[in-house]
Amino acid sequence: MADDSKLRFQPRARIIRTIGDQLISGAEAAVIELVKNAYDADANFVRIEFHPPLEVGSGRISITDDGHGMSLDDIRLKWMEPATSSKTKERLSRYKHRRMMGSKGIGRFAAAKLGGTMSLMSTVDTNDGLQSVLIPDLNWSIFSEDAYLSDIAIDYLLQPGKGSTGTTIEILELSEQWTQDRLNRLHIELRRLLSPLDVGQEDDFAIYLDLSTCTPQNSGFDGETLFGQAVTYIDEGESSADAPTEEDRYRVLPFPLLKACDYELQGKFDREGMFTGTFQVRRAGRGLESIEVGFDYREGEETPGPFSVHLFAFDREADAIKNNMKAAGMGDLSAKEARLLLDNISGVAIYREGFRVRPYGNPENDWLALDTRRVQDPSLRIGHNQIAGYVTIEGQDSSNLIERSSREGFEDNGAFARLARLVTNLLTNVVEPKRYKFRSDTGLSRKRSTTFDEVRELTELKKIRGLIQKLEPEEREAAEKIIDQQSLSLRDRIDDLQERQRVLEAQSSLGAIIGEILHDGGPRAVYILKTSERLQKAISAMAGGGKLAVTAKEEITSALPSLKRVGGELVELFRNLRPLSGGKRGQPKFFLPNNVVKRAADLFESSGIPIEVTQSDDFIELVGYPDDLSTALINLIGNAVHWMQDTKTANPKVKISISRVVDKCRLLVEDNGPGVPEEFAEHIFEVGFTLKENGTGLGLNIAREALARSGGSLLFHLDHDDGAMFEIHFPARAPQ
């Protein structure tokens, strides 16, 4: 086939503007891309200067570094070539062997985002000495014309170099106005770009932001003092003498580690998700506690590689937050000022090779969905504005964490999903339980919920009855009569409220198992529908007589037993659910516990987890309401099934044993799942307390209150080693 019969791509010149305008999110991001280019060029520093007027169509931005520079071939074959693969192939920088920050080949076009024209001078060391390449005037508008990229020609000059190697880019005819607020945002972005974990390392990289030519007259603000307050932040352990010197006043410093926190977690994950590190309750001055915990893979996840975690958590009570900020060198702040400061520096950042990956760590970027978790349980969960932390990952080639083409975050793949879950699980399984226990032990947590029995005890008004004993007999008798009437009225109201709660709890239990109903009942209902349609056709065929009638009769005969069986299963399913409907119950009755246990267990048949029920040889008959026992069992079994499925317990099982203890029936419900952390043992029955990501915190409280209505009780065995064990006591008829 002739060569001229082939189709070839001919990119238009406007692709250059498209890369700069569309793939770089904003002006601040464009500056950061040029800073990263300087780092990749082995620079010791990069200096960013703004020269007013900083208005659209005027002004100038100068970006200078002392890196190894670019030769003419570098500019032609790498810098001016869109999406070059040079950084993908060469993952280490030329001299300092830094991990390269860029890999998409688009960061260089950030200049097109910042202004209408650009000049470039780059000095490189050659065999013949220093040589400079100068592009005096590059007008980006030529890339907006309807021309092909190959037709664009740019003037350049070659000349002997002076001084040292490096690159200077000057951007003119600014595309956007740089206000005081925007420059403040840039300064914050640059501070967040630098990892505070790498300060003082041998391979130091300095960023300077020089606004010295900006005055109130030409810019509306004083560039010399604009960031003066920011450099007063002093890390814990430093003195004021360690603060930036006068000659270093333009250097951008990373935000300090807020070591003056209430709780600190530090350690590393290996490739398989095993965390090894330490935890400390700093608010109480406690020592370090060693932590070792691992998390299995979920479907679709892949390893994000080994990474380190350093988290600082805060309580936001006035005294605690003021003391922390003062200890961090922030001065004497009011509680409002301290909380605002924490709001501005909160968030868990991700750092790779010494630089932050945007936007993780921004105060508004809650990539771990901490606030969503906190809404479900404010007393237990830590919110986004209560934590400042750092996750340090390895390079893209070993972490499976791939930056998006827009350079705004990572691709939403299995590695990033696992990274987020591992960090969240650290909070859920380590930080939050230990923080909760500390706050509970010291009385900082909110008080637990009150039971109906406790309220009934209050209706006795014992303190008031004690006081009226000092009255004269006639007055005392009249007062006691009034108190008795009011106490009785209160008890009646409490009974009404408890009955109303019983109905709500029953409906809550019904909602909790609706998935099981759909799983079990849906296919059976479809089977009945399809079978009835087949039988209808068979009956019509029987009317015609002959061979078709015989076949139809056989089909009906074979289908009826299955139809009856499936219908019976549906009837049994709805019978199991009836106690949860909240209807009136009448008087207590005698019933067999084994029947109630079996009906409750049948609701979870679709889970595939075996539920073993055993009973001692004694005949046991209970006294009370079967639906109270059923409600408790459904919640206990449901919890066991959930946690064993969530943790992928090997050979999961639930065991329910029934026996007699004097005038009570004892039911032990145990599983071999993860169990309940010791820190939470005293709180699992409280309303709103939950360890489930999307839990309501009602289940165990409902179970306990339901049993109490029949005179029963619910206990948790903390000393059970393998999984969780709950013990139910329910009134039983005395043995004959």
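What counts as what
- Residues numbered from 1 in each chain as written.
- Predicted model: local features only at pLDDT ≥ 70, side-chain atom pairs only at ≥ 80, totals over all residues.
- Heavy atoms only, no water.
- Pairing = 2+ DSSP bridges.
- Helix = DSSP H or I, 4+ residues; strand = E, 2+ residues; numbered from the N terminus.
- Axes fitted to C-alpha atoms, helices over the stretch in contact; angles between N-to-C directions.
- Contact = heavy atoms within 4.5 Å.
- Expected span 1.5 Å × (residues − 1).
- Buried < 20%, exposed > 50% of the residue type's maximum accessible area, 1.4 Å probe, protein only.
- Patch = residues over 30% accessible without salt bridge, like charges linked within 9 Å, V, L, I, M, F, W, Y side chains within 5 Å.
- Areas by Shrake-Rupley, 256 points an atom, 1.4 Å probe, with all protein chains shown as cover.
- Salt bridge = Lys/Arg side-chain N within 4 Å of Asp/Glu carboxyl O.
- Lys, Arg positive; Asp, Glu negative; His and termini not counted.
- Charge placed at Lys NZ, Arg CZ, Asp CG, Glu CD.
- Core = buried A, V, L, I, M, F, W, Y, C linked by side-chain atoms within 4.5 Å.
- Phe/Tyr/Trp six-rings, centres within 6.5 Å; stacked < 30°, edge-to-face > 60°.

A. Representation of the sheet that holds strand β8 (residues 263-269) within the structure. If you trace the seven strands from one edge of the open sheet to the other, you get β10-β9-β8-β11-β14-β12-β13, paired in mixed fashion. For this open sheet the edge positions go to β10 (289-294) and β13 (355-356), each flanked by a neighbour on one side alone. As defined by bridge partners, strand β11 (residues 307-313) adjoins strand β14 (residues 387-393) across six bridges and the pair is classed as antiparallel. Paired with alanine 313 across the two strands is isoleucine 387, which belongs to β14.

B. Looking closely at the sheet that holds strand β7 (residues 206-210). Within the open sheet, the seven strands sit side by side as β5-β4-β3-β6-β2-β1-β7. Their pairing is mixed. At either margin of the open sheet sits one strand with a lone partner, and together these are β5 (157-160) and β7. The average undirected angle you get between the axes of adjacent strands in this sheet is 15 degrees. In this structure, strand β3 (residues 115-126) lies alongside strand β4 (residues 129-139), joined through nine bridges in antiparallel fashion. Bridge pairing in β4 places serine 122 opposite valine 133. In this fold helix α2 (residues 27-40) packs onto β1 (45-51), β2 (60-65), β6 (166-174) and β7, with an angle of close to 150 degrees to the strand it touches most, β1.

C. Spatial organisation of helix α6 (residues 180-193). A rise of 1.5 Å per residue sets the reference length of α6, with its 14 residues, at 20 Å; its end C-alpha atoms lie 20 Å apart and thus fit the reference within 8%. Taken together, the buried positions of α6 are Arg182, Leu183, Leu186, His187, Glu189, Leu190, Arg191, Arg192 and Leu193. Check the buried side of α6 and you find it contacts α2, β1, β7, α8 (335-345), β12 (347-352) and β13.

D. Representation of a negative patch on the surface. A contiguous patch of negative charge, built from Glu472, Glu474, Glu475 and Glu477, is present on the exposed surface. Along the chain, glutamate 475 falls in helix α14 (residues 473-512).

E. Summary view of unusual backbone geometry. Omega for the bond connecting proline 52 with proline 53 falls within 30 degrees of zero, at 5 degrees, which places this linkage in the cis form. Relative to the helices and strands, proline 53 resides in the loop between β1 and β2. For glutamate 173, which is not a glycine, the phi torsion comes out positive at approximately 55 degrees. Secondary-structure assignment places glutamate 173 in strand β6.

F. Fine view of the nonpolar core. Within the largest apolar cluster, 51 residues are counted, with the highest numbers of intra-cluster contacts made by Ile48, Phe50, Trp178, Leu190 and Ile207. Tallying contributions element by element places α2 first for this core, with nine residues. In this structure, Ile634, Cys665, Ile684 and Leu700 belong to the second largest nonpolar core, which totals 44 residues.

G. Highlighting the pattern of salt bridges. As enumerated under the stated definition, the model contains 22 salt bridges in all. Between arginine 283 and aspartate 315 there is a salt bridge whose closest N-O contact spans 2.6 Å. Here the residue arginine 283 occupies a position in the loop between β9 (274-281) and β10, and aspartate 315 occupies one in the loop between β11 and α7 (318-327), the gap between them amounting to 32 residues. Judged by relative accessible area, which is 30%, arginine 283 ranks as partly exposed. The exposure class of aspartate 315 is buried, given its relative accessible area of 0%. The closest approach of N and O atoms between lysine 434 and glutamate 289, which form a salt bridge, is 2.8 Å. A residue pair is termed long-range when its members are at least 10 positions apart, and lysine 434 in helix α11 (residues 414-441) and glutamate 289 in strand β10 qualify at 145 residues. A relative accessible area of 15% places lysine 434 in the buried class. Residue class for glutamate 289 comes out partly exposed when judged on its relative accessible area of 34%. The network of salt bridges with common partners includes Arg283, Asp315, Glu317, Arg435 and Arg439.

H. Fine view of α2. Its 14 residues place the ends of α2 20 Å apart at the C-alpha level, agreeing with the 20 Å of an ideal helix rising 1.5 Å per residue. When you tally the buried positions in α2, you get 13 out of 14 residues, the bulk of the element. Just beyond α2, the residue with positive phi is aspartate 42, at close to 70 degrees.

I. Expanded view of the pairing of strand β21 (residues 725-731). With six of its seven residues buried, β21 lies for the most part within the structure. Pairing geometry for strand β19 (residues 664-671) and β21, over seven bridges, is antiparallel. Across the sheet, lysine 664 pairs through a bridge with proline 731, a residue of β21.

J. Structural detail: the packing of aromatic side chains. Inspection of every chain in the model, using the stated rule, returns 15 aromatic pairs. Judged by centre distance (5.1 Å) and plane angle (45 degrees), the rings of phenylalanine 716 and phenylalanine 726 are tilted. Highlighted residues: phenylalanine 716 in strand β20 (residues 713-716) and phenylalanine 726 in strand β21, separated in sequence by 10 residues. According to the relative accessible area criterion, phenylalanine 716 is buried, its value standing at 17%.

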